[in-house]
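Secondary and tertiary structure notes
The chain contents come next:
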Amino acid sequence: MRPAQRPPERGGFKPGLDPGRGSRAPASFFFFLLLLLLLLLLLLLLLLLREWDRDREAVALGLVKREEKPCAGVSSIPSGYPDPPRRVLVPLSVMVKDMTSSSLEDLCLHINMKISNIKKCLLIRHIGEDDSRKPVLHKIKNEVVLVHDLLNKMESEIKQQEKLKDSLKEIQKAAERDQKEAQHILEHIPRYLPKPPQSCDIVPTVKHQGQTKAVEAKSEKKPAKEKKAIKEAALITTEEFESVPAYLKGRITYDQINTVVQEMNKAVVGKYMILYQPLKSMSAPVRNLYHRFKEEETKETKGAFFIVEDDIKEFTQLKLDKRFHSILSILRHCQRVREIRGSGLIRYVIC
């Protein structure tokens, strides 16, 4: 038998149904509508803010002149044709401050500026049709063209000056570099670098007599004898030193060779200064040297300047060792000296 079904009670509800469903449905519907309206308002506000940001960027870049007007309303535009708005560059600090501002007053000023610009455009749209203003407009056009050409010339001139400045900077750097190199070379000149050849030392053969009286005739004065020159060997250059074969140089340096050349020149000058002196003015040791010099001369040495090893010992402090003779071989190779042998002597003739 089936159990008896319980009759439904009054004011009850059927099983499986929400007792408060019918009462809450209208509240949910109104809440959904309110949310949708808020979303639409938010979307509209975002669009307005986006357009506003674009216009503020144009103001910041100087494309539109910002006019500060009260928010109460738009000021009336005077009659006639107003001047076109000028482009104004806004400083960076003002631009940043303007971009960060988001007040309602700025939005109102922006809308007023748009309305003002539209009215100005409407006023000047037919300005070209006015015959009385055409000459002024043509004059303005010509002046604008002239200013444009002048600006182009100035830009080209500025570019040329910039190129010239860059080239001058390069020339300055090159000159400073050359100056530093020259200063370095000047401060590090080798001691024995060849100088302009001083081929001779002038030595008088006879002492001048005392001055004669002014009243005496010129024919009575004794004419001075001609001065004789003493030939010296030139110093070795770096190119000549590098051209010397390695078997001749060995470990001999450039400075050592030129030291020997200078000492030999010193001996030549000392010897021939004695030979050019008169015998009466010589002392006994100098007279002995004079006679030795004369005895060493031969027919082959006539008219030549030469020295022997005794002259080097007499007038210099060079050591006549193996290195000295190696340097003499180098000097013969460079054609600074040549040898004449005879009577048990080696005569070094200056070339």
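These lines cover the structure that appears in this document, whether it is placed above or below. (Residues numbered from 1 in each chain as written. Predicted model: local features only at pLDDT ≥ 70, side-chain atom pairs only at ≥ 80, totals over all residues. Heavy atoms only, no water.)

Details of the side chain of Arg292
- Along the polypeptide, Arg292 turns up in helix 8 (residues 284–296).
- A polar contact of 2.7 Å, which involves the side chain of Arg292, links it to the side chain of Glu296.
- If sequence neighbours within four positions are ignored, Arg292 has contacts with Val308, Asp310 and Asp311. (Helix = DSSP H or I, 4+ residues; strand = E, 2+ residues; numbered from the N terminus. Polar contact = N/O pair within 3.5 Å; in protein donor to acceptor, adjacent residues only side chain to side chain. Contact = heavy atoms within 4.5 Å.)

Considering the side chain of Lys249
- The residue Lys249 is located in helix 6 (residues 246–249) in this model.
- For Lys249, the residues in contact, after removing those within four places along its chain, are Phe241, Glu242, Val244 and Ile330.

Concerning the packing of helix 7 (residues 254–275) against helix 8
- The contact between helix 7 and helix 8 brings their axes to 9 Å, and the two run at 100°. Taken as axis vectors, helix 7 and helix 8 run roughly perpendicular relative to one another. For the pair helix 7 and helix 8, contact is made by Lys271, Ile274 and Leu275 and by Val286, Leu289, Tyr290, Phe293, Lys294 and Glu296, respectively.
- Grouping the constituent residues of the contact of helix 7 with helix 8 by class yields six nonpolar, no polar and three charged. (Axes fitted to C-alpha atoms, helices over the stretch in contact; angles between N-to-C directions. Parallel < 35°, antiparallel > 145°, perpendicular 65-115°, else oblique. Nonpolar A, V, L, I, M, F, W, Y, C, P; charged D, E, K, R; others polar.)

Topic: the nonpolar core
- If you look at the biggest cluster of nonpolar residues, it comprises 42 residues, and the most contacted ones within it are Ile257, Met264, Tyr272 and Leu331.
- Among the elements that take part in this core, helix 7 stands out by supplying 11 residues, more than any other.
- Apart from the residues within four sequence positions on either side, Met264 is in contact with Ile307, Leu328, Leu331, Val337 and Tyr348. (Core = buried A, V, L, I, M, F, W, Y, C linked by side-chain atoms within 4.5 Å. Buried < 20%, exposed > 50% of the residue type's maximum accessible area, 1.4 Å probe, protein only.)

Quick word on the environment of Met273
- Inspection of the secondary structure assignment puts Met273 in helix 7.
- With 43 residues separating them along the chain, Met273 and Ile230 place their C-alpha atoms 8.3 Å apart.

Here we look at the sheet that holds strand 4 (residues 337–342)
- With respect to topology, three strands assemble into an open sheet ordered 3-5-4, the strand pairing being antiparallel. Looking at which strands have only one partner, the edges of the open sheet turn out to be strand 3 (306–307) and strand 4.
- As defined by bridge partners, strand 3 adjoins strand 5 (residues 345–350) across two bridges and the pair is classed as antiparallel. Along strand 5, the bridge assignment pairs Ile307 with Tyr348.
- Of the strands in this sheet, strand 4 and strand 5 touch helix 10 (residues 322–333), which is tilted by about 115° from strand 4. (Pairing = 2+ DSSP bridges.)

Here's the deal with unusual backbone geometry
- Although it is not a glycine, Gln335 adopts a positive phi angle of roughly 60°.
- When you line up the elements, Gln335 lands in the loop between helix 10 and strand 4.
- The class of Gln335 is exposed, set by a relative accessible area of 63%.
- The residue Ser343 is not glycine, and still its phi comes out positive at about 60°.
- Its place among the elements puts Ser343 in the loop between strand 4 and strand 5.
- Taking relative accessible area as the criterion, Ser343 reaches 73% and is therefore assigned exposed.

Observations concerning a nonpolar patch on the surface
- A surface patch of nonpolar side chains, about 1100 Å² in accessible area, is lined by Phe29, Phe30, Phe31, Phe32, Leu33, Leu35, Leu36, Leu37, Leu39 and Leu40.
- With respect to the secondary-structure elements, Leu33 resides in helix 1 (residues 21–60).
- Residue Leu33 is classed as partly exposed on the basis of its relative accessible area of 33%. (Patch = residues over 30% accessible without salt bridge, like charges linked within 9 Å, V, L, I, M, F, W, Y side chains within 5 Å. Areas by Shrake-Rupley, 256 points an atom, 1.4 Å probe, with all protein chains shown as cover. Salt bridge = Lys/Arg side-chain N within 4 Å of Asp/Glu carboxyl O.)

Digging into the packing of aromatic side chains
- All chains considered together, the criterion is met by four aromatic pairs.
- Plain terms: the ring middles of Phe29 and Phe30 are 6.0 Å apart, the flat faces sit at 65° to each other, and that makes the pair edge-to-face.
- When its relative accessible area of 56% is taken as the criterion, Phe30 is described as exposed.
- An aromatic cluster of three or more residues is present, and its members are Tyr272, Tyr276 and Phe305. (Phe/Tyr/Trp six-rings, centres within 6.5 Å; stacked < 30°, edge-to-face > 60°.)

Looking at the pattern of salt bridges
- Counted under the stated rule, the structure contains six salt bridges.
- Note that Arg336 is salt-bridged to Glu240, the shortest N-O span being 2.6 Å. Residue Arg336 is located in the loop between helix 10 and strand 4, and its partner Glu240 is located in helix 5 (residues 238–243); the two are separated by 96 residues in the primary sequence.
- Given a relative accessible area of 11%, Arg336 falls into the buried group.
- The class of Glu240 is partly exposed, set by a relative accessible area of 22%.
- Notably, a salt bridge pairs Glu296 with Arg292, separated by 2.7 Å at the nearest N-O pair. Of this pair, Glu296 and Arg292 are both found in helix 8, four residues apart, which corresponds to roughly one turn of the helix. Of the two residues examined, Glu296 and Arg292, each falls in the buried class.
- One network of salt bridges, with partners in common, ties together Lys271, Arg292, Glu296 and Asp311.

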